[in-house]
Amino acid sequence: MAPVSTEGRAVSPLLGGLVCVLAGAALACGETLVDETYSGTPLFTVRGKVVAPADYVDEEDAEVFLALLWSRGDAEKGDRLVEQPGTVHRTAFFRSYVLHLFDEPGSEHFFTTPSGARYAIGRLAGFQDENGNGRRDASEPFGGFSPQAVLRAPEALSARDSPTGTPLSAGWHIVSTPLACPPATGPQPAPDPTAPVADGECGVPLGAGCKRDSDCGGGVCVLNFIGEWNGGACLIPEPPPNGCRQRGSVLLRGSASDTRAYWIPACSTSEDCGRLHPYQCDQQLRGCRPSAEVVVDINGREAQRSFCAGQGGQPPPQ
């Protein structure tokens, strides 16, 4: 088993295997631990995995619970998060999970724009069920959150109404954060005239699977950048070694601690990407990347960043 890593954290194969054994001898590694007590057709399914620093996990109790939290849709509460009943899901550290959603967000979770458009934004959060009652009590804080957001749009959103800053189709979406959260009124910011422009014909099979740089023409084979790129992907680094930025690409920048940036294929829908899960069209960037797998990082810190760019931490969940 290959090491599991995310955002610079690495988990040894030995620990990953040990956790799978501890999670239950009757279950195969990677199989969901959810108790299927709710029947019906899910409205949406979230897939991902739960990670943590190796020294954070109790090897004798690898169980962890997930829940979906929605942002309150009123101006006074802002980004305050509220747990959606019926979404608690039992899994284990370093295990893949499949979380089915059977209910729409409550009416109180929807934001309404001045034009009357509506959308809801949520996150997955993880906690440990210390008293074993199968739910989260007030004394059991959330230990970590997903960097991605779950976004529900009952109707298509225009660029002005969408929190991504780009038009968004009706439905359920997994989007990266921070979101653009454009102002509902007033002029939009002008493009940066000094920003690099992708207008070249570089001959790179942008976004294609790869094993080594030689598979990518003048690009590079990326295996890990803001998470794992399963099967590798041919991308162009910024700045490009030969000065060529491929037409039909968008720039994906790293985190504050990772100054790398790569040009990735532009897209409108996930079908444009031509690759299987977790590759999708990230509607925040309109670029193809493996962002459909929702990683929940359990690290013991309850604070999290706002959904919107340029804002500070969110108030704690209710």
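Computed from a prediction, not measured in an experiment: that's the story for all the values here.

1. Looking at the overall build of the protein
Turning to step 1, where the next piece is worked out: On a plain count of helices and strands, the protein comes out with one helix and 19 strands.
Turning to step 2, where the next piece is worked out: In the protein, which comprises 318 residues, the proportion classed as buried is 46%.
Turning to step 3, where the next piece is worked out: Within the protein, residue pairs in contact and separated by at least 24 positions form 64% of the contacts whose partners lie at least 6 positions apart.
Turning to step 4, where the next piece is worked out: Summing over all exposed atoms, the protein offers an accessible surface of approximately 15,300 Å²; the carbon and sulfur share of this is 52%.

2. Re the nonpolar core
Turning to step 1, where the next piece is worked out: Counting residues in each nonpolar core, the largest one holds 23 residues, and the members touching the most others are Val46, Phe93, Tyr97, Leu124 and Val150.
Turning to step 2, where the next piece is worked out: Taken together, the elements giving at least two residues each to this core come down to strand 3 (44–51), strand 4 (63–71), strand 7 (96–101), strand 9 (118–127), strand 12 (171–175) and strand 19 (293–297).
Turning to step 3, where the next piece is worked out: The element contributing the most residues to this core is strand 4, with four residues.
Turning to step 4, where the next piece is worked out: In this structure, Leu124 is in contact with Val46, Leu66, Ala67, Leu68, Tyr97, Leu99, Gly144, Phe145, Ser146, Val150, Val294 and Val296, ignoring residues within four places of it in sequence.
Turning to step 5, where the next piece is worked out: Of all hydrophobic cores here, the second largest spans 20 residues; its members include Phe65, Phe127, Phe145 and Ala149.

3. What about the packing of aromatic side chains?
Turning to step 1, where the next piece is worked out: The final tally for this structure, using the stated rule, is nine aromatic pairs.
Turning to step 2, where the next piece is worked out: Plain terms: the ring middles of Phe111 and Tyr119 are 5.6 Å apart, the flat faces sit at 25° to each other, and that makes the pair stacked.
Turning to step 3, where the next piece is worked out: Between the aromatic rings of Phe127 and Phe142, the centroid separation amounts to 5.9 Å while the plane-to-plane angle is 85°, which identifies the pairing as edge-to-face. Taken together, the residues span a long stretch of sequence, with Phe127 in strand 9 and Phe142 in the loop between strand 9 and strand 10 (144–145) at a distance of 15 residues. Across the pair, Phe142 and Phe127 agree in class, each one buried.
Turning to step 4, where the next piece is worked out: Its guanidinium or amino end placed over the ring of Phe110, Arg118 lies 4.2 Å from that ring's centre, counting from NZ or CZ.
Turning to step 5, where the next piece is worked out: Just above the ring of Tyr279 sits the side chain of Arg275; from NZ or CZ to the centre is 4.0 Å.

4. Focus on the pattern of salt bridges
Turning to step 1, where the next piece is worked out: Summed over all chains, the structure comprises 10 salt bridges.
Turning to step 2, where the next piece is worked out: Its salt-bridge partner being Glu201, residue Arg247 comes within 2.8 Å of it at the nearest N-O pair. Of this pair, Arg247 sits in the loop between strand 14 (228–237) and strand 15 (249–253) while Glu201 sits in the loop between strand 12 and strand 13 (220–224), placing them 46 residues apart in sequence.
Turning to step 3, where the next piece is worked out: Across the pair Asp258 and Arg260 runs a salt bridge, and its minimum N-O distance is 2.9 Å.
Turning to step 4, where the next piece is worked out: A relative accessible area of 19% places Asp258 in the buried class.

5. Some thoughts on the side chain of Asp161
Turning to step 1, where the next piece is worked out: Looking at the secondary structure, you find Asp161 in the loop between strand 11 (149–153) and strand 12.
Turning to step 2, where the next piece is worked out: With no salt bridge to any partner, buried Asp161 finds its closest opposite charge in Arg160, at an N-O distance of 6.9 Å.
Turning to step 3, where the next piece is worked out: Side chain to side chain, Asp161 and Ser115 meet in a polar contact 2.8 Å long.

6. Let's talk about the state of the cysteines
Turning to step 1, where the next piece is worked out: On inspection of all chains with the given rule, the structure shows five disulfides.
Turning to step 2, where the next piece is worked out: Paired by a disulfide, Cys210 and Cys221 hold their sulfur atoms 2.1 Å apart. Its S-S torsion of about 95° marks the bond between Cys210 and Cys221 as right-handed, since a negative value means left-handed. Here Cys210, found in the loop between strand 12 and strand 13, pairs with Cys221, found in strand 13; they are 11 residues apart in sequence, far enough to count as distant. Comparing Cys210 with Cys221 shows no difference in burial state: the two are buried.

7. Points about the sheet that holds strand 14
What holds strands together in a sheet is hydrogen bonding between their backbones, with the strands either parallel or antiparallel.
Turning to step 1, where the next piece is worked out: Strand order in this open sheet of four strands is 13-14-16-15, and the pairing throughout is antiparallel. Edge positions in the sheet fall to strand 13 and strand 15, since each has one partner strand and no second. Strand after strand, the sheet turns through a mean of 50° between neighbouring axes, direction not considered.
Turning to step 2, where the next piece is worked out: By the bridge criterion, four bridges tie strand 13 to strand 14 in an arrangement that is antiparallel. The partner of Cys221 across the bridge, within strand 14, is Cys234.

8. Thoughts on the sheet that holds strand 19
Turning to step 1, where the next piece is worked out: With respect to topology, three strands assemble into an open sheet ordered 7-3-19, the strand pairing being mixed. Two strands lie at the open edges of the sheet, namely strand 7 and strand 19, each paired on one side alone. For this sheet the average axis-to-axis angle between neighbouring strands, irrespective of direction, equals 35°.

9. So, the pairing of strand 11
Turning to step 1, where the next piece is worked out: With five of five residues buried, strand 11 lies mostly within the body of the structure.
Turning to step 2, where the next piece is worked out: In strand 11, alternate side chains face the same way, and those of Ala149, Leu151 and Ala153 on one face and Val150 and Arg152 on the other are all buried.
Turning to step 3, where the next piece is worked out: Sheet analysis places strand 9 next to strand 11, joined by three bridges and oriented antiparallel. Within strand 11, the residue paired with Ile121 across the bridge is Leu151.
Turning to step 4, where the next piece is worked out: Bridging between strand 11 and strand 12 involves five bridges; their strand directions are antiparallel. Pairing of Arg152 across the sheet is with Trp172, part of strand 12.

About the thresholds
- Residues numbered from 1 in each chain as written.
- Predicted model: local features only at pLDDT ≥ 70, side-chain atom pairs only at ≥ 80, totals over all residues.
- Heavy atoms only, no water.
- Helix = DSSP H or I, 4+ residues; strand = E, 2+ residues; numbered from the N terminus.
- Buried < 20%, exposed > 50% of the residue type's maximum accessible area, 1.4 Å probe, protein only.
- Contact = heavy atoms within 4.5 Å.
- Areas by Shrake-Rupley, 256 points an atom, 1.4 Å probe, with all protein chains shown as cover.
- Core = buried A, V, L, I, M, F, W, Y, C linked by side-chain atoms within 4.5 Å.
- Phe/Tyr/Trp six-rings, centres within 6.5 Å; stacked < 30°, edge-to-face > 60°.
- Lys NZ or Arg CZ within 6 Å of the ring centre and 35° of its normal.
- Salt bridge = Lys/Arg side-chain N within 4 Å of Asp/Glu carboxyl O.
- Lys, Arg positive; Asp, Glu negative; His and termini not counted.
- Polar contact = N/O pair within 3.5 Å; in protein donor to acceptor, adjacent residues only side chain to side chain.
- Disulfide = S-S within 2.5 Å.
- Pairing = 2+ DSSP bridges.
- Axes fitted to C-alpha atoms, helices over the stretch in contact; angles between N-to-C directions.

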